[in-house]
Amino acid sequence: MRLVHVRIRLPGTPDAPESLRAAFLSHAAPEDKVGHISVHLGDRGELTVGFFVSAATVYAAETVAYTAALRALGSEPALEHGYITSYSAALVPALFDWMLQEPEEGGRRTE
């Protein structure tokens, strides 16, 4: 599962997060494998939409999130004047995973 944040600017006050979440989710096709969507309202009409996507690569997950967000912006009246300002996957490099592992015997990590 990969998390992709799509940042959107809206000209007015956004709808409630739950209705926006449902709107974005309705524009994700079953083959997109979007498991969950979260919506966070920011200041001045800014939204951060988190798409949780099952995809083999970061690029594929970003493409799914961007495409679903574009479909929602083009179809939903509450989003029709919005535009995407950026989108990116939340990355957790393998180094961080390694650092979180329990130390091996003797207090040192080995590969």
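Residues numbered from 1 in each chain as written. Predicted model: local features only at pLDDT ≥ 70, side-chain atom pairs only at ≥ 80, totals over all residues. Heavy atoms only, no water.

Colleague: I keep staring at the packing of aromatic side chains and nothing clicks. Help me out?
Modeller: Geometry of an aromatic ring pair is reported as the spacing of the ring centres plus the angle between the planes. In the structure shown here, the tally under the stated rule is two aromatic pairs. Ring geometry for Phe24 against Phe51: centres 6.3 Å apart, planes inclined by 85°, an arrangement best described as edge-to-face. With Phe24 in helix H1 (residues 17-26) and Phe51 in strand S3 (residues 46-53), this residue pair connects regions lying 27 residues apart in the sequence. Overall, Phe24 belongs to the buried group, its relative accessible area being 0%. (Phe/Tyr/Trp six-rings, centres within 6.5 Å; stacked < 30°, edge-to-face > 60°. Helix = DSSP H or I, 4+ residues; strand = E, 2+ residues; numbered from the N terminus. Buried < 20%, exposed > 50% of the residue type's maximum accessible area, 1.4 Å probe, protein only.)

Colleague: Mind showing me how you'd approach the sheet that holds strand S1 (residues 2-9) here?
Modeller: Spatial strand order, S2-S3-S1-S4: four strands in an open sheet with antiparallel pairing. Of all the strands in the sheet, the pair left with one neighbour each is strand S2 (34-41) and strand S4 (83-89). Here the strands of the sheet are splayed against their neighbours by 20° on average, with no regard to which way each runs. Of the strand pairs in this sheet, S1 and S3 are connected by eight bridges, and their pairing is antiparallel. Bridge pairing in S3 places His5 opposite Gly50. (Pairing = 2+ DSSP bridges. Axes fitted to C-alpha atoms, helices over the stretch in contact; angles between N-to-C directions.)

Colleague: Explanation requested: the pattern of salt bridges in the structure shown.
Modeller: Any two side chains of opposite charge can pair, on the condition that their charged atoms come close. As enumerated under the stated definition, the model contains three salt bridges in all. Residue Arg9 is joined to Glu46 by a salt bridge in which the shortest nitrogen-to-oxygen separation is 2.8 Å. Pair noted here: Arg9 is in strand S1 and Glu46 is in strand S3, with a separation of 37 residues, a long-range link. Here Arg21 makes a salt bridge to Glu18, at a shortest N to O gap of 3.1 Å. You can see Arg21 and its partner Glu18 sitting in helix H1, three residues apart, about one turn around the helix. You can call Arg21 partly exposed: its relative accessible area is 22%. (Salt bridge = Lys/Arg side-chain N within 4 Å of Asp/Glu carboxyl O.)

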